[in-house]
Amino acid sequence: MNGLTDNLLFSFFSVSFIAGLIILLVPARNRFLPQKTAFFLSVPVVVLAAVSYILFLLGEHPGLFSASVPLVSSLGLNICLGADNLSMVFIFFSALFVPVSILVSRHAKRMSSFFYSLPFFSCGSMAGLFSAQDFFTFFFFWQLSAFPILFLCGIWGRQGRIAASRQF
């Protein structure tokens, strides 16, 4: 088990990003359709995070929580993912962040499919960030996690959102 497809962390990352992409395809004819779709798609993300956390605590299948796949072998760049107690707690809480953020924004105006896809992209990139085992993987997921926050601040922020986005 040394491929990313055998890793629960990579599966969590993939499910989060696929859910975000599905929400981007939801038409915004009805104001509440993207929100309802996002909430229902957040359930598998939270369930996968909870199952991963429980399996990790039980110590079952330790190979499910570590992987190293060569990305550019000539440069020695690998994607190295692994989990410990603290990273699994953070991954679980980042998964809980998704439905909570969707429910909190239920009365907000100007919300679109793009808005509701950003928590999923943020959650997936945070899973990679918290489980990174080397500097390259950490830096890659750090940069990937900056984009959803940049858009949330720049588009849906309050006063000074443009200045905050520039600084970010």
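One numbering rule holds for all chains: residues counted from 1, following each sequence as written. With the structure being a predicted model, the display of local features is reserved for residues of pLDDT at least 70 and the display and counting of side-chain atom pairs for 80 or more, all residues being used for whole-chain, interface and lining totals. To get the side-chain values, all heavy atoms of the structure are used, and hydrogens and water are removed first.

Draft legend 1. Structural view of the nonpolar core. Grouping buried Ala, Val, Leu, Ile, Met, Phe, Trp, Tyr and Cys residues that are joined through side-chain atoms within 4.5 Å yields what is termed a nonpolar core. Accessibility here uses a 1.4 Å probe with only protein chains present; expressed as a share of the type maximum, an area under 20% marks a residue as buried, one over 50% as exposed, and anything in between as partly exposed. Formed by 31 residues in total, the largest nonpolar core has its most connected members in Phe 12, Tyr 116 and Phe 120. Note on conventions: DSSP H or I runs of at least 4 residues are helices, E runs of at least 2 residues are strands, and numbering of each starts at the N terminus. Per element, the largest residue contribution to this core is eight residues, and it comes from helix α4 (residues 113-130). In contact with Phe 120, not counting residues within four places along its chain, are Ser 16, Ala 19, Gly 20, Ile 23, Ala 38, Leu 41, Ser 42, Val 45, Val 98 and Ile 102. Here, residues are in contact when the closest pair of their heavy atoms is within 4.5 Å.

Draft legend 2. Representation of helix α2 (residues 33-58) in the model. Spanning 26 residues, α2 covers 38 Å between terminal C-alpha atoms, matching the ideal 38 Å at 1.5 Å per step. Those residues of α2 that fall on the buried side of the exposure criterion are Pro 34, Gln 35, Thr 37, Ala 38, Ser 42, Val 45, Val 46, Leu 48, Ala 49, Ser 52 and Phe 56. A positive phi of about 80° marks Gly 59, the residue just after α2. A helix's residues, less one, multiplied by 1.5 Å, set its expected span.

Draft legend 3. Quick look at the state of the cysteines. Criterion for a disulfide: a pair of cysteine sulfur atoms at a distance within 2.5 Å. Using the criterion set out here, one finds zero disulfides in the structure. Left unpaired, Cys 123 is separated from the closest cysteine sulfur, that of Cys 153, by 18 Å. Here Cys 123 falls in the buried class, since its relative accessible area comes to 1%.

Draft legend 4. Just the pairing of strand β2 (residues 77-82), in detail. One requirement defines pairing of two strands: DSSP has to find at least two bridges between them. Here strand β1 (residues 66-72) runs beside β2; their pairing, made up of six bridges, is antiparallel. Note that in β2 the partner of Pro 70 across the bridge is Asn 78. Linkage of β1 to β2, two consecutive antiparallel strands, is achieved through a turn of four residues, within which Gly 76 is found at a positive phi near 75°.

Draft legend 5. Examining the environment of Leu 24 more closely. Along the chain, the position of Leu 24 falls in helix α1 (residues 8-24). The spacing of Leu 24 and Tyr 116 is 92 residues in sequence and 8.1 Å in space, taken between C-alpha atoms. Ignoring anything within four residues of it in the chain, the contact list for Leu 24 reads Ser 113, Phe 114, Ser 117 and Phe 121.

Draft legend 6. Spatial organisation of the packing of helix α3 (residues 85-104) against α4. Angular values range over 0 to 180 degrees, each being the angle between N-to-C directions of two axes fitted as lines to C-alpha atoms, with helices fitted over their stretch in contact. Where α3 meets α4, the axes come as close as 9 Å, and the angle between the chain directions of the two elements is 175°. Considered as vectors, α3 and α4 are oriented roughly antiparallel to each other. Across from Ser 87, Phe 90, Ile 91, Ser 94, Ala 95, Phe 97, Val 98, Ser 101 and Ile 102 in α3, the residues of α4 making contact are Tyr 116, Pro 119, Phe 120, Ser 122, Cys 123, Met 126, Ala 127 and Phe 130. Looking at the contact of α3 with α4 residue by residue, the classes come out as 13 nonpolar, four polar and no charged. When describing relative orientation, an angle under 35 degrees is termed roughly parallel and one over 145 degrees roughly antiparallel, while 65 to 115 degrees is termed roughly perpendicular and anything else oblique. Gly is placed with the polar residues, together with every amino acid not listed as nonpolar (Ala, Val, Leu, Ile, Met, Phe, Trp, Tyr, Cys and Pro) or charged (Asp, Glu, Lys and Arg).

Draft legend 7. The arrangement of the packing of aromatic side chains in detail. Two aromatic rings from Phe, Tyr or Trp, using only the six-membered ring of Trp, form a pair when their centres are within 6.5 Å; if the ring planes differ by under 30 degrees the pair is stacked, by over 60 it is edge-to-face, and anything between is tilted. Tallied over the full model, the rule gives 14 aromatic pairs. Plain terms: the ring middles of Phe 115 and Tyr 116 are 5.1 Å apart, the flat faces sit at 80° to each other, and that makes the pair edge-to-face. Note on accessibility: Phe 115 and Tyr 116 belong to one class, buried. Seen in terms of ring centroids, Phe 140 and Phe 141 are 5.2 Å apart; in terms of plane orientation they differ by 75°. Their pairing is edge-to-face. For Phe 140, a relative accessible area of 42% corresponds to the partly exposed category.

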